[in-house]
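Working through the structure, step by step
Here are the chains, one letter per residue:
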Amino acid sequence: KAGVTQTPRYLIKTRGQQVTLSCSPISGHRSVSWYQQTPGQGLQFLFEYFSETQRNKGNFPGRFSGRQFSNSRSEMNVSTLELGDSALYLCASKDLANTGELFFGEGSRLTVL
Amino acid sequence: DQQVKQNSPSLSVQEGRISILNCDYTNSMFDYFLWYKKYPAEGPTFLISISSIKDKNEDGRFTVFLNKSAKHLSLHIVPSQPGDSAVYFCAASRRGGKLIFGQGTELSVKP
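Residues numbered from 1 in each chain as written. Chains lettered and ligands numbered in written order. Predicted model: local features only at pLDDT ≥ 70, side-chain atom pairs only at ≥ 80, totals over all residues. Heavy atoms only, no water.

Some thoughts on the sheet that holds strand S8 (residues 72-77) of chain B
Residues and elements named next belong to chain B. Note the threshold: Pairing between two strands requires that DSSP report at least two bridges joining them. Here a helix means four or more residues in a row that DSSP labels H or I, a strand means two or more in a row labelled E, and each is numbered from the N terminus.
Taken in spatial order, the 5 strands line up as S1-S3-S8-S7-S6 in an open sheet, and their pairing is antiparallel. Only two strands of the sheet have a single partner each, and these edge strands are strand S1 (4-5) and strand S6 (56-59). In terms of strand pairing, S6 meets strand S7 (residues 62-67) through 4 bridges, oriented antiparallel. Residue Asn57 lies in a different strand from S7, and its bridge partner there is Val64.

In structure tokens form, the structure reads like this:
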């Protein structure tokens, strides 16, 4: 079974631009979560989608948005990029039949200049 | 508001000795706890978990202890190996809720 796939792996943007990151979950997993990892802050929860609906949301500004498609693939978008948005963005999927183990992708490293 | 806290950013131990990583939480509604391990340039990988109905769970060299009254959990690695060097994250959730992670502890196991 293929793991969680995230694209692109690395990208560089400038302030004010917007970015879209993509995530393909493990086959059969319908729940997809997004996390932001920055040094010293650990993994900060962004949002979770299940069956194309946002199930949970973290404390991030409205510039951060996401969506999920009928095939469970998910995208997240950050508009009007700020320097502080530079981070590793991690996507994770899970099988809701399992209690809570998340399977993570390798992440998309975003650098904002 | 950091609901899950790992107060030690780093830990260094000698190969063969015990590594103890600690984690505190504030939300008494959490009923499921997990540890993840992360190598550089890779996503976190699941290590071990424990539900709130237990106080200990063991898997090979890894044991997680849960003290609900103190809202504290710990991960013991015995014996520690150089390949265990990584960042360890603890995480907690309520059933059906989002998984909240701590800030991580970087473990360095020296040969």
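Quick look at the interface of chain B and chain A
Definition in use: Any two residues whose heavy atoms approach within 4.5 Å at even a single point are treated as in contact. Put simply, buried area is the surface a 1.4 Å probe can reach on two separate parts but cannot reach once they are joined, added for both. Basic side-chain nitrogens of Lys or Arg form a salt bridge, by our definition, when they fall within 4 Å of a carboxyl oxygen of Asp or Glu. Pairing of N or O atoms within 3.5 Å defines a polar contact, subject to two protein rules: one partner must be a possible hydrogen donor and the other a possible acceptor, and residues neighboring in sequence count only if both atoms are side-chain atoms. Charged means Asp, Glu, Lys or Arg here, nonpolar means Ala, Val, Leu, Ile, Met, Phe, Trp, Tyr, Cys or Pro, and polar covers whatever is left, Gly included.
Tallying the contact residues gives 19 residues for chain B and 23 residues for chain A. Of the roughly 1600 Å² buried between chain B and chain A, counting both surfaces, carbon and sulfur atoms make up 56%. When the area that chain B buries against chain A is broken down by residue, the three leading residues are B:Pro44, B:Lys98 and B:Phe101, summing to 29%. At the boundary of chain B with chain A, the tally comes to 0 salt bridges. The interface formed by chain B and chain A includes 3 residue pairs in polar contact (both at pLDDT 80 or more). Per element, the largest residue contribution to the side of chain B that touches chain A is 4 residues, and it comes from strand S4 (residues 32-38) of chain B. Here the side of chain B that touches chain A is built from residues that sort into 9 nonpolar, 6 polar and 4 charged.

Topic: the state of the cysteines
Selection rule: The term disulfide is used for any two cysteine sulfur atoms that are within 2.5 Å. Exposure is judged per residue with a 1.4 Å probe applied to protein chains only, and the accessible area is read against the type maximum: over 50% gives exposed, under 20% gives buried, and values in between give partly exposed.
Per the counting criterion, the structure on display carries 2 disulfides over all chains. There is a disulfide in this structure between A:Cys23 and A:Cys91, and the S-S distance comes to 1.8 Å. Disulfide A:Cys23-A:Cys91: torsion about the S-S bond near -60°, hence left-handed. With A:Cys23 in strand S3 (residues 19-24) and A:Cys91 in strand S9 (residues 87-94), the pair connects residues that are 68 residues apart, well separated along the chain. Just as A:Cys23 is buried, A:Cys91 falls in that class too. Each sulfur in the disulfide pair B:Cys23 and B:Cys90 lies 1.9 Å from the other.

Notes on the pattern of salt bridges
All names here are of chain A. This structure, assessed with the given rule, holds 7 salt bridges over all chains. Among the ionic pairs, Arg9 bridges to Glu106, the shortest N-O distance being 2.9 Å. Residue Arg9 is located in the loop between strand S1 (5-7) and strand S2 (10-13), and its partner Glu106 is located in the loop between strand S10 (103-104) and strand S11 (108-112); the two are separated by 97 residues in the primary sequence. Residue Glu106 is classed as partly exposed on the basis of its relative accessible area, which comes to 40%. Between Glu82 and Arg63 there is a salt bridge, with the nearest N and O atoms lying 3.6 Å from each other. Residue Glu82 is located in the loop between strand S8 (74-78) and S9, and its partner Arg63 is located in the loop between strand S6 (53-57) and strand S7 (64-68); the two are separated by 19 residues in the primary sequence. Relative accessible area serves as the criterion here: at 43%, Glu82 is assigned to the partly exposed category. Arg63 gets classed as buried once you look at its relative accessible area, which sits at 16%.

Observations regarding unusual backbone geometry
In this chain, A:Thr7 is followed by A:Pro8 through a cis amide linkage whose omega measures -10°. With respect to the helices and strands, A:Pro8 occurs in the loop between S1 and S2. Cis geometry is found at the peptide bond from B:Val78 to B:Pro79, where omega equals -10°. Position of B:Pro79 relative to the elements: it lies in the loop between S8 and strand S9 (86-93). Of note, the phi angle at A:Glu52 is positive, near 70°, even though the residue is not glycine. Its location among the elements puts A:Glu52 in the loop between strand S5 (42-50) and S6. Taking the relative accessible area as the measure of exposure, A:Glu52 reaches 48% and is therefore partly exposed. Positioned with a positive phi, B:Ala41 is a non-glycine residue whose angle comes to about 65°.

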